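Chain and residue survey
Listed here are the chains, written in short residue letters.
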Amino acid sequence: MDTKLLADLLFPNVTKTPDDMEALFPERNLPEGAIVSRMAPSPTGFVHLGNLVQGLTSERLCHQSGGPLFLRVEDTDAKREVPGAVSVLIEALRHYNILFDEGATIDGDAGDYGPYRQRQRVDIYHVYAKQLVLQGEAYPCFCTEEELAAIHEQQSAEKANFGYFGKWAIWRDRPIEDIRAELDAGHPWVLRFRSTGSIEHKIPFNDLIKGHLELTENDIDHVLLKSDGIPTYHFAHAVDDHLMRTTHVVRGDEWLPSLPFHLQLFRSLGFKPPKYLHIGPLMKMDGDSKRKLSKRKDPELALTYYRASGFPVQSVYEYLMTVLNSNFEDWRRANPDAPIDDFKFSYKKMNPAGALFDEMKLRDVSKNVISRMDADRVLAEVLDFAKDYDVELYDHLAADKTYARSILAIGRGGKKPRKDFAVFTDVRPYLDFFYDDWFRVTDEYPENFAKSDVVAALNGFLDTFDIADDINVWFDKIKAIADKLGYASDMKAFRENPEAYRGNVADISMFLRIAVTGRQNSPDMYAVMQVLGAERVKTRVRAMLGKLGAL
RNA sequence: GGCCCGUUCGUCCAGGGGUUAAGACACCGCCCUUUCACGGCGGUAACAUGGGUUCGAUUCCCGUACGGGUCACCA
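Analysis parameters
- Residues numbered from 1 in each chain as written.
- Chains lettered and ligands numbered in written order.
- Predicted model: local features only at pLDDT ≥ 70, side-chain atom pairs only at ≥ 80, totals over all residues.
- Heavy atoms only, no water.
- Phe/Tyr/Trp six-rings, centres within 6.5 Å; stacked < 30°, edge-to-face > 60°.
- Lys NZ or Arg CZ within 6 Å of the ring centre and 35° of its normal.
- Near = heavy atom within 4 Å.
- Polar contact = N/O pair within 3.5 Å; in protein donor to acceptor, adjacent residues only side chain to side chain.
- Helix = DSSP H or I, 4+ residues; strand = E, 2+ residues; numbered from the N terminus.
- Nonpolar A, V, L, I, M, F, W, Y, C, P; charged D, E, K, R; others polar.
- Domains from an automatic or database assignment.
- Contact = heavy atoms within 4.5 Å.
- Buried area = accessible area lost by both parts, 1.4 Å probe.
- Salt bridge = Lys/Arg side-chain N within 4 Å of Asp/Glu carboxyl O.
- Pairing = 2+ DSSP bridges.
- Axes fitted to C-alpha atoms, helices over the stretch in contact; angles between N-to-C directions.
- Disulfide = S-S within 2.5 Å.
- Buried < 20%, exposed > 50% of the residue type's maximum accessible area, 1.4 Å probe, protein only.
- Expected span 1.5 Å × (residues − 1).
- Arc of directions from axis to C-beta.
- Core = buried A, V, L, I, M, F, W, Y, C linked by side-chain atoms within 4.5 Å.
- Parallel < 35°, antiparallel > 145°, perpendicular 65-115°, else oblique.

1. A short note on the packing of aromatic side chains
To describe a pair of aromatic rings, you give the distance between the ring centres and the angle between the ring planes. According to the stated counting rule, one finds 28 aromatic pairs in the structure shown. Put simply, the rings of Y128, F266 and F271 touch in pairs and so form one group of aromatic residues. Here R174 stacks its cationic end above the ring of W171, 4.1 Å away from the centre of that ring. For R540, the ring lying beneath its charged end belongs to F439, and the centroid distance is 3.7 Å.

Right under this line is the structure:
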């Protein structure tokens, strides 16, 4: 076979050579040890946890090593492309602090190794396609979809391995006349790789996450260029990651089976392969068994699910970090307020198996994350959430932000901050009683107390309450009420001899709490009253007295 | 079906030829506490399985089971 003739026949317009490409995209000038990596999503408009896991890993690796992270859009499948997907993706990742140093942007490209959208790179791919033909390592195949389906069916019947190889590879060694005839007839063709691999051979391989692997060589003549001249993932991966000088490829381990083919490609093209990190899939419990999270069945795979559920971005981020690097949790505990950059992310800490997604754990992480935020931050985050998911809440908070802030400041800060919120949907039930139109006067109290006691306690409070009291004076007054009513003001004394009292000061506090907040549980009463203000506290106490028929 | 990957408490996982197999979440108990939310202390609970190699295996090797992935002109 005259490969020069074939190459010119297939790619008459390609005049550039691989050497030209090398000159155009020279090696990067980076410090020793700098990692160059990328996110390479297809623009389907659906951003999921898997993207984030991969992106986070790449991002940390690059930015902690002083190398660039870039975004390459894998838009080789026009059928799946969704308009606007690139900006959706970039926006979503920006929230998660995954910022690109170069690559595709919302309206173009930034960087010296572009274009960063694969459909704009066809000329580049064709240079290498032609080169492979020239080397006798690629050939055109004119099989129709029907023919390929027939081959597959036949293989199935024969219990043979699937794929285009060996005797099934009917265009692999066709004479050039046949090829020319098909071409002249205008029939579509794909370019296939001429594999010389054998499934009898194993290739040792070292994956940075999975460790030492032994893979079977590839013997399939995979498609390099589709009939529209656009490359498949495999070919584009080899060409792009070489020319963009990627040093580390992070991807899901569903790519492991095609890795031998990729390695073949790199060798045939004369490229040095990058280092690979294959990440195990995120799993979930389904009945008694685990399975990979699926786009179809599992809403929690979509990033939008977390926002709608009220999880702060930072919670999802830190949860994923705990899943990715097992020592992150310990580090965070020891350094509650340190920036993420201070954490030494390491692929050596990554688990080769797939992690089970655990929403309980996410909630726990989230409680801690939110408890570390100051009131202004929480308010801002809640407003941002409520704006889209609870307009009523938004209106209440936004009407008086100073007031909202003072509510959220209760128990915040200090060594043992309150941990009331795992998600922002927890906020409204937590603070609704601070708003008069949400607050409901009640006359319900536990049955084992005498109504006269409740009334006397509330009246006693009204008689002595002064908003200006400090917390000790304030509580002493409540204790005094307790004593007067035969309730123990000293809890220790009460515990030693409960029979001697009608109740204790906690019960008195409960009566007040019910009056002021409408419920038996609330944040610290003193703080609540300070926020509510003297008039509203009194109004509410009187309202309960009224409802009890005691006014 | 072929090929590949994986398997330590319920879950996330640390460890790695000799350990009382660590921690976190969840659960339970106790303590602290005027309620709640925290916090503290403690507890239940794990090396899938069978063979090797070895003085000794959870750790290394082989098989089995189970789980997952993959076998497109999708990525």
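Still more to cover.
2. A few points about the protein's contact with RNA strand B
As a structural note, the neighbourhood of RNA strand B is formed by 61 residues, with T76, K202, E329, K367 and R418 the closest of them. Backbone atoms, meaning sugar and phosphate, make up 74% of the atoms of RNA strand B lying within 4 Å of the protein. Take S227: an N or O atom from its main chain is 2.8 Å from a base oxygen of RNA strand B. Of all the secondary-structure elements, those providing two or more residues to the surface near RNA strand B are α6 (145-157), β6 (190-193), β8 (211-216), β13 (289-292), α12 (328-334), α13 (359-371), α19 (471-484) and α21 (505-517). Split into classes, the residues belonging to the surface near RNA strand B amount to 23 nonpolar, twelve polar and 26 charged.

3. Examining the domain arrangement of chain A
Annotation of chain A at the domain level lists domain 1 (285-372), domain 2 (375-434) and domain 3 (451-547). A separation of 26 Å is found between the C-alpha centroids of domain 2 and domain 3. Each partner contributes to the interface: domain 2 provides ten residues, whereas domain 3 provides twelve residues. Taking both partners together, domain 2 and domain 3 bury about 860 Å²; carbon and sulfur atoms supply 64% of that area. When the buried area of domain 2 at its contact with domain 3 is split by residue, I410, F433 and F434 rank highest and sum to 63% of it.

4. Overview of the pattern of salt bridges
Close approach of charged atoms lets side chains of opposite charge pair. Following the criterion strictly, the structure yields 38 salt bridges and no others. Residue E158 pairs with K167 through a salt bridge whose shortest N-O separation is 3.4 Å. Linked by salt bridges that have partners in common, R38, R72, E74, R121, D240 and D241 make up one network.

5. Topic: unusual backbone geometry
Put simply, G114 and P115 share a cis peptide bond, and its omega is 0°. Located in the positive-phi region is K159, a residue other than glycine, with phi close to 55°.

6. Here we look at the sheet that holds β6
One key point about sheets: their strands pair by backbone hydrogen bonds, in either a parallel or an antiparallel sense. The strand order β5-β6-β9 describes an open sheet built from three strands, whose pairing is antiparallel. Every interior strand has two partners, whereas the edge strands, β5 (138-141) and β9 (223-225), have only one. Shown here is a sheet whose adjacent strand axes are inclined to one another by a mean of 45°, direction ignored. Across four bridges, the pairing between β5 and β6 is antiparallel. By the bridge assignment for β6, Y139 is matched with R192.

7. Some points on the state of the cysteines
By the definition in use, this model includes zero disulfides. Cysteine C141 remains unbridged, with the sulfur of C143 as its closest cysteine sulfur at 3.8 Å. With a relative accessible area of 2%, C141 lands in the buried category.

8. A look at the side chain of D221
The topology assignment puts D221 in the loop between β8 and β9. Taking relative accessible area as the criterion, D221 reaches 0% and is therefore assigned buried. Here S195 takes part through its backbone nitrogen, which lies 2.9 Å from a polar atom of the side chain of D221. Ignoring anything within four residues of it in the chain, the contact list for D221 reads Y139, Y164, A169, R172, R192, F193, R194 and S195.

9. Considering helix α23 (residues 534-547)
The terminal C-alpha atoms of α23, which comprises 14 residues, lie 20 Å apart, in line with the 20 Å expected from a rise of 1.5 Å per residue. Taken together, the buried positions of α23 are occupied by A534, V537, R540, V541, M544 and L545. Looking straight down α23, one finds that the buried residues subtend no more than 140° of arc, so they occupy a single side. The secondary structure elements touched by the buried residues of α23 are α18 (451-464), α21 and α22 (525-532). Backbone geometry just after α23 places G549 at a positive phi near 75°.

10. A short note on the nonpolar core
Residues Y128, L191, F235, L431, F434, L458 and F461 are the most contacted members of the largest nonpolar core, which totals 163 residues. Leave out the neighbours within four places in its chain, and F461 touches W474, I481, L512, M529, V537 and V541.

11. Comments concerning the packing of helix α1 (residues 3-10) against helix α7 (residues 176-184)
Packing of α1 against α7 leaves a shortest axis separation of 11 Å and a crossing angle of 10°. Our classification of the angle between α1 and α7 gives roughly parallel. The residues of α7 that touch α1, namely those facing L5, L6, L9 and L10, are I176, I179, R180 and L183.

12. Observations regarding the pairing of strand β10 (residues 248-252)
Of all the five residues making up β10, four are buried; the element is thus mostly covered by neighbouring parts of the structure. Sheet topology places β10 next to strand β11 (residues 275-279); five bridges connect them, and they run parallel. Pairing of H248 across the sheet is with K275, part of β11.

13. Some details on the side chain of H248
Checked against the element boundaries, H248 lands in strand β10. Using a relative accessible area of 11% as the deciding quantity, one classes H248 as buried. Apart from residues lying up to four places away in sequence, H248 is in contact with I35, V36, S37, L208, P274, K275 and L277.

14. Brief notes about the sheet that holds strand β1 (residues 37-39)
The four strands lie next to each other as β1-β2-β3-β4, forming an open sheet whose pairing is mixed. Each edge of the open sheet is held by one strand with a lone partner, namely β1 and β4 (108-110). For this sheet the average axis-to-axis angle between neighbouring strands, irrespective of direction, equals 25°. Relative to β4, strand β3 (residues 102-105) is paired through three bridges, and the arrangement is antiparallel. Each residue of the ladder has a partner; that of A104, found in β4, is D109. Packing of helix α4 (residues 85-95) onto the sheet brings it into contact with β1, β2 (69-71) and β3, and relative to β3 it is tilted by some 125°.

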